[in-house]
Structures are given as C-alpha cells and as structure tokens.
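Structure assessment
Here is how the chains run, residue by residue.
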Amino acid sequence: MPINISTSPAVFQWQPAAWLRVCGSDAANFLQGQFTNDLRGLAAVGVGERPRAVYGLWLSVKGKVVADSFVVRGAEVNEFWLGSYFSPAAMIRERLDGHIIADDVLIEDQTADWRGLSVLGAGAGAVVERLKPKGCFVFSGRRTRAGGWECVFPAGAFPAGVNLDDAMGSLDAESVERLRIREGIPAIPTDVGPSDLPNEAGLETEAISYTKGCYLGQEVMARLKSMGQVRRRLLRVRGGDAQWPAIPTAIFVGSRQVGELRSAIRDGDRGWIGLAMLSLVHLAPEAALSFSLGSSAQLLLVDTP
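Description of the structure in this document. (Residues numbered from 1 in each chain as written. Predicted model: local features only at pLDDT ≥ 70, side-chain atom pairs only at ≥ 80, totals over all residues. Heavy atoms only, no water.)

Attention now goes to the overall build of the protein chain. Summing up its helical and strand segments, the protein chain has six helices and 16 strands in all. Its C-alpha atoms put the protein chain at 60 × 50 × 30 Å along the principal axes. By residue count, 50% of the 305 residues in the protein chain fall in the buried class. Contacts spanning at least 24 positions in sequence make up 69% of the contacts within the protein chain whose residues lie at least 6 apart. (Helix = DSSP H or I, 4+ residues; strand = E, 2+ residues; numbered from the N terminus. Buried < 20%, exposed > 50% of the residue type's maximum accessible area, 1.4 Å probe, protein only. Contact = heavy atoms within 4.5 Å.)

What follows is the structure in structure tokens.
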C-alpha cells in the first residue's frame, strides 16, 4: 500500500554511492576552492551539536557537472565528509586528487563502511532523534522538495533492520525514485553529467554560490549568470501505458531531435513519468514528443519550457 509521507513519517535504508573522509591542515581551503557552494558557514561541531551539511557540485574547468555531494563538517579539527546519493566515490576522488598539488589534504574512501537512512514526511525530525545510532551524521536531505532528514552511520551501528512502529512506514528504492522524479530533482550523473551545465538542471539556486569567490568552473558560472538563460533544460515528461525505450534515448519533435530521456519510472495508473534534457530552441508547451522520427506524440511535457 502506498505511504502518504505528507501525513506519516517513512524511512528508506540506503547505501551511499560516496562517503569520503577529507582531512589535513589545508582541507578547508582546498575544498572551498573546488566546491560550487560556500563552505565557510560549516561551523565546528561542538558537544551535543548536530553537524550541518552544504549541498553542491564538483565541476570541470569548462563548468560541466562531474559529480555532486553533501559536505559535512566532521568532529575532528580539519575533518570533512563528502557524501552522495548517486555520484560514485571514485568519480569524486579522481576529480579532487587531480587538483591536490602541495596541499596537506588526505582523502579516504570509507563508502563501504557506512550506511544511510532517509526519514521523510511529517514528524521526520522526531523520528531521526529516536532512531539515530551512535557516531552518525544527521543533516537535511534532498529526496523531495520538502527536504526530510538523512542519517549516515557506521555499518553495524543499527541491528539488522530498523524497528518500525505502527505510525511509520518503510519506503523501497522504487518509491523513493518515483518521489524524486515527480518533483523534478536530478540524479547526478544520470540526469545531469559531464556534458551538461548545472543551470540546465535548475541547480543554480541550491548548489551554486555566486559570492564565495574562485572555484573550478566559477568563470563559466559567472558568465551564465550574466547571460541569464540557457538553451536546454531538464524537464519532466509523462508517457502513457507503453514502455519507454532503453535510457538514455533520443526524443524528437517531428523530424528534429530535441533532446533525450535521462530517467523514467512507472507512476501508477497514470503511465510513467521521467526527466528529459530538452532543447528550448524549438520546443513549445504543446509539442508532440516522440521516440522516433516523424512519429505521433508518445509523451507530453509536464513542465513549461
């Protein structure tokens, strides 16, 4: 039975794609010079304080999206943790290792030793306080636009399975993916990757600081801000009962390719819903989108271009 997370809390147990420990006397300055968002607000964690996280991106020199992560301040001096739902640890580490020159920075991949618990819906904060194990990191997540909480903890800190009372439900991976796509939240690098700019996925408001100063890709972000627009956008699309082709797959309007479908999932009796990167140049709200040249409409826009 579907869980209504607007009225009841629900939990989702997950394995991070990345959970990296970064430390060293130059760690703070190094990360600040690489990350798209401002890390100066990450206060040192005191006794009894909850560590906060900053969400942002790791870009190429051309401003294209390599990976995303949360950055969480650790309990030790000059210690930070980088965590991601979808961006692989190896991808983030390779991106950072390539820019360590004479910096006192150590990066350790501890992904295999950590687990995650997302708590969504009404009363999520109280549930986290009740469930959180020793040594965990708790911070606001981005599974839905309403946020929710993430609890990342050492493997084995919880017993096998989380005990749920009658007021709580459990979400599976398919349900969480459906929530994400319904709300137009991109998964990186699946929906937005090395060929895409952050602004094409609407990430400029939540993942980029235009006031923090220099970081890799910052010049491109500044130019985009001054231009005020991009030529492509990640938009929600919806299809009927027919199955979508293997992803990624091209999307056409008549004889012109206008983009590609990046992710999709069944959405109950309403067919399926997906996220597509589409050119805005030849796209009208009523455009007949299809998966092959000259075909009649097979999917419709949910978002206005």
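Moving on, we come to the sheet that holds strand β5 (residues 79-84). With antiparallel pairing, five strands are arranged side by side in an open sheet as β3-β4-β5-β2-β6. A strand with exactly one partner marks an edge of an open sheet, and here the two such strands are β3 (53-59) and β6 (106-109). Pairs of neighbouring strands in the sheet enclose a mean axial angle of 30°, with direction left out of account. Bridging between strand β2 (residues 18-23) and β5 involves six bridges; their strand directions are antiparallel. (Pairing = 2+ DSSP bridges. Axes fitted to C-alpha atoms, helices over the stretch in contact; angles between N-to-C directions.)

Take the pairing of strand β4 (residues 65-73) next. In terms of burial, β4 is largely enclosed, as nine of its nine residues are buried. Where β3 meets β4, seven bridges bridge the pair, whose relative direction is antiparallel. Paired with V54 across the bridge in β4 is V71. Between β3 and β4, which pair antiparallel in sequence order, lie five residues; one of them, G63, sits at a positive phi of approximately 80°.

Nothing here speaks to function; it is geometry throughout.
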